[in-house]
Amino acid sequence: APGQSRERDFSWLNNAFATDVSVDGKTLVVLDVDPASTEGLSVYLRKTDGSPAVRLGEAHSMLAALSPDEKWVAVIRQKPALAIVLLPTRAGVPQTLANDQVASYYSVSWFADGKRILFTGADRTGVPRLYAWDLAAGKAVPIAPEAAGVVGCCVSPDGRFVAAVGPDQQIQLYPVDGGAARRVPGAAPGDLPIRWSPDSRALYATRSDELPKKIYRVDLAGGRRESWKELPLADPAGVGSGYAWLSLTPDGRSYFYSFGRLLSELYLVEGLQ
């Protein structure tokens, strides 16, 4: 976290995991699997300074994204109807972004200007698409071909391109204003983009099949891919093949990740008759 030289464990409540981090790295969006919640997930803001968490509301899916100005957290709800809902982080009323063309949502995030929301979802025919929701216009526009770019999506700082994994499992750059996608040279099959560099000249990527987890930096012009950081666990017992919700702050100086741990006990019985 900002001002700290080592990792800190923010594990908390029943089954909590972080899904997003503020631009300055000082606030985490935390979801907790809450049996008392009517939706199953409670949404919290938690400061990295150790102050008490603030509950914002409920969500249905494990998707939540903090707006750049930290005024809203975008979540997915299914009741009373499937929609993206903006939960205010201060006093205010939630806003519902209903779209009757979308049958399910896969991801949700924000453009850097805070005026648009990037989301992926399937339309009524079951075809996955990549969309941009314009908050001022109150509507969503597809920004990628059908069945393309629905995994590992992140928007460039200038808002011109979305990096996402294409049907061929390669990272592609999809122009927001339309046009043909292009493959990122140097990226390996299976790489998942997690953040653009501040100057939009490189992508940070990770892989779901690695343990310990590594972050790679891929130069977009030259195609050079290099290991940028490794996140080893002090105790890897019970941890699966990867960490979930790995992300960086825009300046690349702070990061967070969540993971699940499944432990078992092994018994040896002797002298059975």
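Located above this text is the structure these notes cover.
A brief look at the structure comes next. Here the structure is a predicted model, which is why all the values come from computation and not from measurement.

Thresholds applied
Residues numbered from 1 in each chain as written. Predicted model: local features only at pLDDT ≥ 70, side-chain atom pairs only at ≥ 80, totals over all residues. Heavy atoms only, no water. Pairing = 2+ DSSP bridges. Helix = DSSP H or I, 4+ residues; strand = E, 2+ residues; numbered from the N terminus. Axes fitted to C-alpha atoms, helices over the stretch in contact; angles between N-to-C directions. Patch = residues over 30% accessible without salt bridge, like charges linked within 9 Å, V, L, I, M, F, W, Y side chains within 5 Å. Areas by Shrake-Rupley, 256 points an atom, 1.4 Å probe, with all protein chains shown as cover. Salt bridge = Lys/Arg side-chain N within 4 Å of Asp/Glu carboxyl O. Lys, Arg positive; Asp, Glu negative; His and termini not counted. Charge placed at Lys NZ, Arg CZ, Asp CG, Glu CD. Buried < 20%, exposed > 50% of the residue type's maximum accessible area, 1.4 Å probe, protein only. Core = buried A, V, L, I, M, F, W, Y, C linked by side-chain atoms within 4.5 Å. Contact = heavy atoms within 4.5 Å. Polar contact = N/O pair within 3.5 Å; in protein donor to acceptor, adjacent residues only side chain to side chain.

**So, the sheet that holds strand β20 (residues 225-231)**
And step 1. With antiparallel pairing, the four strands of this open sheet are ordered in space as β17-β18-β19-β20. Of all the strands in the sheet, just β17 (191-196) and β20 have a single pairing partner and so form its edges. Taking the axes of each pair of neighbouring strands and ignoring which way they run, one obtains an average angle of 35° across the sheet.
And step 2. Note: β17 against strand β18 (residues 202-207), five bridges, orientation antiparallel. Its bridge partner being in β18, Arg 195 is matched across the sheet by Tyr 204.

**Some details on a positive patch on the surface**
And step 1. On the surface, Lys 26, Lys 47, Lys 71 and Arg 90 cluster together into a patch of positive charge.
And step 2. Inspection of the secondary structure assignment puts Lys 47 in strand β3 (residues 41-47).
And step 3. The exposure class assigned to Lys 47 is partly exposed, which follows from its relative accessible area of 37%.

**Observations regarding the nonpolar core**
And step 1. By size, the foremost hydrophobic cluster in this structure holds 15 residues, and its most contacted members are Ala 74, Ile 84, Leu 86, Val 108, Ile 117 and Phe 119.
And step 2. Those elements giving two or more residues to this core turn out to be β6 (72-77), β7 (83-88), β9 (102-110), β10 (116-123) and β11 (128-134).
And step 3. The element best represented in this core is β9, accounting for four residues.
And step 4. The residues touching Ile 117, leaving out its near neighbours within four places in the chain, are Ala 74, Leu 86, Leu 97, Val 108, Ser 109, Trp 110, Phe 111, Tyr 131, Ala 132, Trp 133 and Leu 135.
And step 5. Counting residues in hydrophobic clusters, the runner-up holds 14 residues, among them Val 43, Ala 59, Ala 64 and Leu 66.

**What about unusual backbone geometry?**
And step 1. In this structure, Glu 70 is a non-glycine residue whose phi angle is positive, near 65°.
And step 2. Assignment of secondary structure puts Glu 70 in the loop between β5 (64-66) and β6.
And step 3. The class of Glu 70 is buried, set by a relative accessible area of 19%.
And step 4. With a phi angle near 70°, Gln 169 is a residue other than glycine that sits in the positive phi range.
And step 5. For Gln 169, the position within the fold is in the loop between β14 (161-165) and β15 (171-175).

**Re the pairing of β6**
And step 1. With five of its six residues buried, β6 lies for the most part within the structure.
And step 2. The pairing of β5 with β6 spans three bridges and is antiparallel. By the bridge assignment for β6, Ala 65 is matched with Ala 74.
And step 3. In textbook terms, the turn of a hairpin is the stretch between consecutive antiparallel strands, and for β5 and β6 this stretch comprises five residues, one of which, Glu 70, has a positive phi near 65°.
And step 4. Pairing of β6 with β7, which is carried by six bridges, proceeds in the antiparallel orientation. The residue of β7 that forms the bridge with Val 73 is Leu 87.

**Details of the pattern of salt bridges**
And step 1. All told, the structure shown has five salt bridges when counted by the stated rule.
And step 2. For Arg 225, the salt bridge goes to Asp 191, with nearest N and O atoms at 2.9 Å. Residue Arg 225 is located in strand β20, and its partner Asp 191 is located in strand β17; the two are separated by 34 residues in the primary sequence.
And step 3. Taking relative accessible area as the criterion, Arg 225 reaches 29% and is therefore assigned partly exposed.
And step 4. Residue classification places Asp 191 among the buried residues on the basis of a relative accessible area of 0%.
And step 5. In this structure, Glu 226 engages Arg 224 in a salt bridge whose closest nitrogen and oxygen atoms are separated by 3.4 Å.
And step 6. Members of the salt-bridge network, linked through shared partners, are Asp 191, Arg 207 and Arg 225.

**Topic: the side chain of Thr 120**
And step 1. Along the polypeptide, Thr 120 turns up in strand β10.
And step 2. Here Ser 107 takes part through its side chain, which lies 2.7 Å from a polar atom of the side chain of Thr 120.
And step 3. Aside from chain neighbours lying at most four places away, what touches Thr 120 is Ser 104, Tyr 105, Tyr 106, Ser 107, Arg 129, Leu 130, Gly 149, Val 150 and Cys 153.

**Quick notes on the sheet that holds β5**
And step 1. Taking strand neighbours across the sheet as the criterion, the four strands line up as β5-β6-β7-β8 in an open arrangement whose pairing is antiparallel. Looking along the sheet, the strands with just one partner apiece sit at the ends: β5 and β8 (95-98). The average undirected angle you get between the axes of adjacent strands in this sheet is 20°.
And step 2. Direction of pairing for β7 relative to β8: antiparallel, over a ladder of four bridges. In the sheet register, Ile 84 faces β8, and the bridge partner there is Leu 97.

Structural measurements only, silent on function.
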